[in-house]
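# Remarks on the overall topology
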Amino acid sequence: MNHFLDIHKTPADDLRAMLKQAHKTKAARAGLPKGTLDAERPLDGHMVALIFEKPSTRTRVSFDMGVRQMGGQSMVLSGNDMQLGHGESIADTARVLSRYVDMIMIRTFDESTLLEMAEYADVPVINGLTDRTHPCQIMADLLTFEEKKGSIKGKKVVWMGDGNNVCASFLHAAGQFGFDMTFSGPETLRPEAEFIKYARDMGSKVEIEPDATRAVEGADLIVADTWMSMHDATSARAARHNQLRPYQVNAQLMKAAGEQALFMHCLPAHREEEVTSEVMDGPQSVVFDEAENRLHAQKAVMKWCLNG
Ligand code: CP
Ligand code: NVA
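All residue numbers refer to position in the chain's written sequence, counted from 1. Chain letters and ligand numbers both follow the written order, the letters beginning at A and the numbers at 1. Local features are withheld for residues below a pLDDT of 70 in this predicted model, meaning they are given only at 70 or higher, and side-chain atom pairs are given and counted only at 80 or more; totals for whole chains, interfaces and linings count all residues. Note that water and hydrogens are dropped before the side-chain values are worked out from all heavy atoms of the structure.

## Observations regarding the packing of aromatic side chains
We apply this condition: The pairing test for Phe, Tyr and Trp rings, Trp by its six-membered ring, is centres within 6.5 Å, and the orientation test on the planes gives stacked under 30 degrees, edge-to-face over 60, and tilted for anything in between. Counting from the N terminus, the helices are the DSSP runs of H or I reaching at least four residues and the strands are the DSSP runs of E reaching at least two. Three exposure classes are used, based on accessible area relative to the maximum for each residue type with a 1.4 Å probe and protein chains only: buried under 20%, partly exposed in between, and exposed over 50%. Any Lys NZ or Arg CZ found within 6 Å of a ring centre and within 35 degrees of that ring's normal is scored as a charge over the ring.
Tallied over the entire structure, the rule returns three aromatic pairs. Geometrically, the ring pair formed by Phe4 and Trp304 is edge-to-face, given 6.2 Å between the ring centres and 85° between the ring planes. Of the two residues, Phe4 sits in the segment before helix 1 (12-28) while Trp304 sits in helix 12 (residues 287-307), which places them 300 residues apart along the sequence. For Phe4, a relative accessible area of 0% translates into the label buried. Among the aromatic residues, those joined into a ring-pair cluster are Trp159, Phe170 and Phe179. Over the face of the ring belonging to Phe109 we find Lys54, whose NZ or CZ atom lies 4.8 Å from the ring centre.

Below, the structure is given as structure tokens:
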């Protein structure tokens, strides 16, 4: 069995094999009603626990559907309703859940919760987002890029705004898949140095360009995300919005980038804040393909987790 904890902790060949598998199973399902089971059902007889300590639409529904399409069953658990949210240790929760279910997906705050769950669980654990990273999102984004433009190797990806958890997983992917990243955002909201160092050590070019227009020149992909992540203190809202306003992705910025640039956003989006509706609903945006691809990418992740 394998845990899927982060992009940089997963062998690059395995990541590539998962994407290949995702392209294949997606193509095989084309045109079928969503609830149709896959021809191959690697989760037959398997039970998957989906734990959420934060809100979710895409992660919750795409994992649940993915489990079902692969022949398994899932239970969606709210961290707050579990003893986990009332003082039971993560280690004991992991040991207990391992006696009932075949796989655990968890969305949580502190990365240490995910790591402790993985350490004490006898079944695969999947990172469904922490304050620091969001690897499942990036698998979907890579799948989407490949569908639209082919290999991402050597391409230029520009992250606009807050250097958050999704940005961190993009930097991990830059290292593993050999693409370059430019970060454009306020100095105080840059990604942690550790993530930048990882990508650079792996041979990727990582640039910091505070000027949004200069940053997007020649971009193959522009990515934005909310200016307020779920773990950010609501009291910081006004200050962050002031800092981040110059990094809104709008029609003018997309024009500066050129027609070759795709636009991605993991969603949920705050229209007219980090991105305008004109861009979200425009011809360069692939945001709903990304959302769909969460399903296909995570099915490949779950299959890999069980196969070892
Ligand atoms: N992109 C993403 O993870 O969405 P949810 O918060 O709706 O799961
Ligand atoms: N950066 C966002 C991603 C949501 C899917 C957050 O952590 O809230």
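## A few points about the site of ligand 1
The following threshold applies: By convention in this text, a residue qualifies as near a molecule or strand provided that one of its non-hydrogen atoms is within 4 Å of it. In protein, a polar contact requires one atom able to donate a hydrogen and another able to accept it; more generally it is a pair of N or O atoms within 3.5 Å, and residues adjacent in sequence count only if both atoms are side-chain atoms. The protein chains shown are the only cover counted for residues, whose accessible areas, like all others here, come from Shrake-Rupley with a 1.4 Å probe. Classification used: nonpolar for Ala, Val, Leu, Ile, Met, Phe, Trp, Tyr, Cys and Pro, charged for Asp, Glu, Lys and Arg, polar for all others including Gly.
Ligand 1 sits among Ser56, Thr57, Arg58, Thr59, Arg107, His134, Gln137, Cys266, Leu267 and Arg294. In the environment of ligand 1, an oxygen atom lies 2.7 Å from a nitrogen or oxygen atom belonging to the backbone of Thr57. Burial of ligand 1 by the surrounding chains reaches 95%, relative to a free accessible area of 260 Å². For the shell around ligand 1, the per-class residue count stands at two nonpolar, five polar and three charged.

## A short note on the nonpolar core
The tendency in soluble globular proteins is for nonpolar side chains to be buried side by side. Applicable threshold: Remark: nonpolar core denotes a set of buried residues (Ala, Val, Leu, Ile, Met, Phe, Trp, Tyr, Cys) joined through side-chain atoms within 4.5 Å. Throughout, a residue-residue contact means that at least one pair of heavy atoms, one from each residue, lies within 4.5 Å.
By size, the foremost hydrophobic cluster in this structure holds 53 residues, and its most contacted members are Phe4, Ile126, Met139, Phe170, Phe179 and Met181. Of all the elements, helix 6 (residues 165-177) adds the most residues to this core, at eight residues. Here Phe4 is in contact with Thr10, Leu15, Met18, Val125, Ile126, Asn127, Pro135, Cys136, Met139, Val301, Trp304 and Cys305, once residues within four sequence places are set aside. Val216, Ile222, Ala257 and Val275 belong to the second largest nonpolar core, which has 20 residues in total.

## Some points on the site of ligand 2
Taken together, the neighbourhood of ligand 2 is formed by Leu129, Asn164, Asn165, Asp225, Thr226, Ser229, Met230, Cys266 and Leu267. A distance of 2.7 Å is found between a nitrogen atom of ligand 2 and a side-chain nitrogen or oxygen belonging to Asp225. Met230 has a polar backbone atom sitting 2.8 Å from an oxygen atom of ligand 2. The fraction of the free accessible surface of ligand 2 (270 Å²) that becomes covered by protein chains is 94%. A class-by-class count of the residues in the shell around ligand 2 yields four nonpolar, four polar and one charged.

## Points about unusual backbone geometry
A cis amide bond links Leu267 with the next residue in sequence, Pro268, at an omega value of 5°. With respect to the helices and strands, Pro268 occurs in the loop between strand 9 (262-265) and helix 11 (277-280). A positive phi angle, close to 65°, is found at Leu267, a residue other than glycine. With respect to the secondary-structure elements, Leu267 resides in the loop between strand 9 and helix 11. A positive phi angle, near 70°, is found at Glu272, a position not held by glycine. Considering the arrangement of structural elements, one finds Glu272 in the loop between strand 9 and helix 11. Classification of Glu272 by relative accessible area gives partly exposed; the value is 47%.

## Overview of the sheet that holds strand 4 (residues 125-127)
As a reminder of what qualifies: Following DSSP output, two strands are said to pair if at least two bridges run between them. Geometry is summarised by axes, namely lines fitted to C-alpha atoms with helices restricted to the contacting stretch, and by angles between N-to-C directions that run from 0 to 180 degrees.
One open sheet holds the four strands; their spatial order is 2-1-3-4, and the pairing between them is parallel. Only two strands of the sheet have a single neighbouring strand rather than two, namely strand 2 (73-78) and strand 4. In this sheet, adjacent strand axes meet at a mean angle of 20° when their direction is disregarded. The pairing of strand 1 (residues 47-52) with strand 3 (residues 103-107) spans five bridges and is classified as parallel. Following the sheet pairing, Phe52 is matched in strand 3 by Arg107. Set on the sheet, helix 4 (residues 111-120) makes contact with strand 1, strand 3 and strand 4; between it and strand 4 the angle comes to about 165°.

Purely geometric numbers; function is a separate question.
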